[in-house]
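Chain by chain, the residues:
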Amino acid sequence: MKVFHDTSQAEGKIKNAVVTTGSFDGVHVGHKIIIQRLGELANEIGGESTLVTFYPHPRKVLYPEQKDLKLINSQKEKIALLAKTGLKNLVIIPFSLEFSKTSSHDFITDILIGQLNAKIIVVGQNHHFGHNRSGDFSYLYQLGHELNFKVENIPLQDIENETVSSTKIRKALFEGNIMRANAYLDHQYIISGEMSHVSPPDPEIKMRFHRIEITEQEKLIPPPGIYATNTICSNEPMKSLTLVHDDIDGVRNVDSVLLHDNVHFSATPATLYFYKKIRGGEIFMDQKLAQGELADAMEDVEELIY
């Protein structure tokens, strides 16, 4: 997958672009359906599938006073997940207050058609774009007739009669319902970053803990508890127990214990793959772990992850 950090970088470098736009937070099963369709349409016209997205998230720019924005993926995680889908081109537009004033007409004619030379534009149901989200499928369809490009609408994906959306995935993660979130995502929820050795949250615990550094404050962290995870480092999976807990300053930390591999991380890139929450926040008593909970939880992790 080629990654362009502005439309000017991509101009003239994408052949017969089949384009979609959006945040694609989570890169969930519905997003993958859209990307798959992009590829099918691109093959029909000898073109290339292309996703146009924005960074930072528009809400962070438009409403900086709001501190409750939480995203399923960091930017680095999203790029890595998109690369696995077969997408050919990712165009990341730097989002600013000035760019937010771009009308839906100019966004389509100047950027998607003018710079990216889009031949087909694919959008999901209820998709809106442009200044004040004024553009929708009907407007896009009308412009397509005027400017000679095709438009296709993709319905929202259902899983067990439930419509998949990033909002529902975030809700599941906020509740610690990892298995439901994973079903919507069609992959394990991940947290990526550098891992380093840290002291145990309770000095009486005799286990080697490693903390993953989370650099983007918008990254959604599940609620306190014990989770069954796999820790991937240098493509090597290692069974792990992950403890999510808040320190005395209210900072949420993500600490892991490897079950079998006696590895010492020191600012080492790693990714946690979450499988299931196996203990809730009740394991904590006055900022200390209830005795015996970790040992029992490790047995559960052993059985859950193969």
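Computed from a predicted structure; not experimentally measured.

### Concerning the pairing of strand β14 (residues 268-279)
At step 1: Two elements, strand β9 (residues 189-198) and β14, share seven bridges in a ladder whose sense is antiparallel. The partner of Ile-190 across the bridge, within β14, is Tyr-273.

### Re the packing of aromatic side chains
At step 1: For the coordinates displayed, the defined rule picks out seven aromatic pairs.
At step 2: When the centroid spacing of 5.9 Å and the interplanar angle of 80° are considered together, the rings of Phe-54 and Phe-95 count as edge-to-face. Pair noted here: Phe-54 is in strand β3 (residues 48-55) and Phe-95 is in the loop between β4 (89-94) and α5 (97-100), with a separation of 41 residues, a long-range link.
At step 3: A residue is classified by how much of its surface remains accessible, and Phe-54, at 18% relative accessible area, is buried.
At step 4: For Phe-95, a relative accessible area of 12% corresponds to the buried category.

### Some remarks on the sheet that holds β14
At step 1: An order of β9-β10-β13-β12-β11-β14 is seen for the six strands of this closed barrel, with the pairing classed as antiparallel. Direction aside, neighbouring strands of the sheet carry axes that sit 45° apart on average.
At step 2: Of the pairings in the sheet, the one linking strand β12 (residues 236-246) to strand β13 (residues 252-258) comprises seven bridges and is antiparallel in character. Residue pairing for β13: Thr-242 is matched across the bridge by Ser-256.
At step 3: Against the sheet, helix α9 (residues 178-185) engages β9, β11 (225-233) and β14, with an angle of about 120° to β14.
At step 4: Packing against the sheet, helix α10 (residues 293-304) makes contact with β10 (209-212), β11, β12, β13 and β14, and its axis sits at approximately 100° to β14.

### Comments concerning helix α4 (residues 75-83)
At step 1: For α4, the full list of buried residues reads Gln-75, Glu-77, Lys-78, Leu-81 and Leu-82. Buried positions in α4, seen along its axis, are confined to an arc of 160° and lie on one side of it.
At step 2: Elements in contact with the buried residues of α4: α2 (29-45), β3, β4 and β9.

### What about the packing of helix α8 (residues 166-174) against α9?
At step 1: Relative to each other, α8 and α9 sit at 160°, their axes nearing to 8 Å. In terms of orientation, α8 and α9 fall into the roughly antiparallel class. The handedness of the crossing between α8 and α9 comes out as left-handed. Where α8 approaches α9, its residues Lys-168, Ile-169, Ala-172 and Leu-173 are matched on the opposing element by Ile-178, Arg-180, Ala-181, Tyr-184 and Leu-185.

### Concerning the environment of Pro-269
At step 1: Along the chain, Pro-269 falls in strand β14.
At step 2: Distance from Pro-269 to Phe-107, taken between C-alpha atoms, is 37 Å for residues 162 residues apart in sequence.
At step 3: Contacts of Pro-269, omitting those with residues within four sequence positions, involve Gly-193, Glu-194 and Cys-233.

### Considerations on the pattern of salt bridges
Between side chains of opposite charge, a pair can form as their charged atoms come close.
At step 1: Per the stated rule, a full pass over the model turns up 13 salt bridges.
At step 2: One salt bridge connects Lys-171 with Glu-175, and the closest N-O pair in it is separated by 2.6 Å.
At step 3: Each of Arg-37, Glu-40 and Glu-152 takes part in a single network of salt bridges with overlapping partners.

### With respect to the nonpolar core
At step 1: Core analysis: the biggest nonpolar cluster contains 26 residues, and Ile-169, Leu-173, Tyr-189, Ile-191, Val-254 and Phe-274 have the highest contact counts within it.
At step 2: For this core, the secondary-structure elements that each account for two or more residues are α8, α9, β9, β11, β12, β13 and β14.
At step 3: Looking at which element gives the most residues to this core, the answer is α9, with four residues.
At step 4: Apart from residues no more than four positions distant in its own chain, Ile-191 is found in contact with Glu-77, Ile-212, Ile-214, Lys-219, Ile-221, Pro-222, Val-254, Ala-270, Thr-271, Leu-272 and Phe-274.
At step 5: Judged by nonpolar contacts, the second largest core, of 25 residues, contains Ala-10, Leu-116, Leu-140 and Val-151.

Criteria and thresholds
Residues numbered from 1 in each chain as written. Predicted model: local features only at pLDDT ≥ 70, side-chain atom pairs only at ≥ 80, totals over all residues. Heavy atoms only, no water. Pairing = 2+ DSSP bridges. Helix = DSSP H or I, 4+ residues; strand = E, 2+ residues; numbered from the N terminus. Phe/Tyr/Trp six-rings, centres within 6.5 Å; stacked < 30°, edge-to-face > 60°. Buried < 20%, exposed > 50% of the residue type's maximum accessible area, 1.4 Å probe, protein only. Axes fitted to C-alpha atoms, helices over the stretch in contact; angles between N-to-C directions. Contact = heavy atoms within 4.5 Å. Arc of directions from axis to C-beta. Parallel < 35°, antiparallel > 145°, perpendicular 65-115°, else oblique. Left-handed = near helix turned anticlockwise from the far one by under 90°. Salt bridge = Lys/Arg side-chain N within 4 Å of Asp/Glu carboxyl O. Core = buried A, V, L, I, M, F, W, Y, C linked by side-chain atoms within 4.5 Å.

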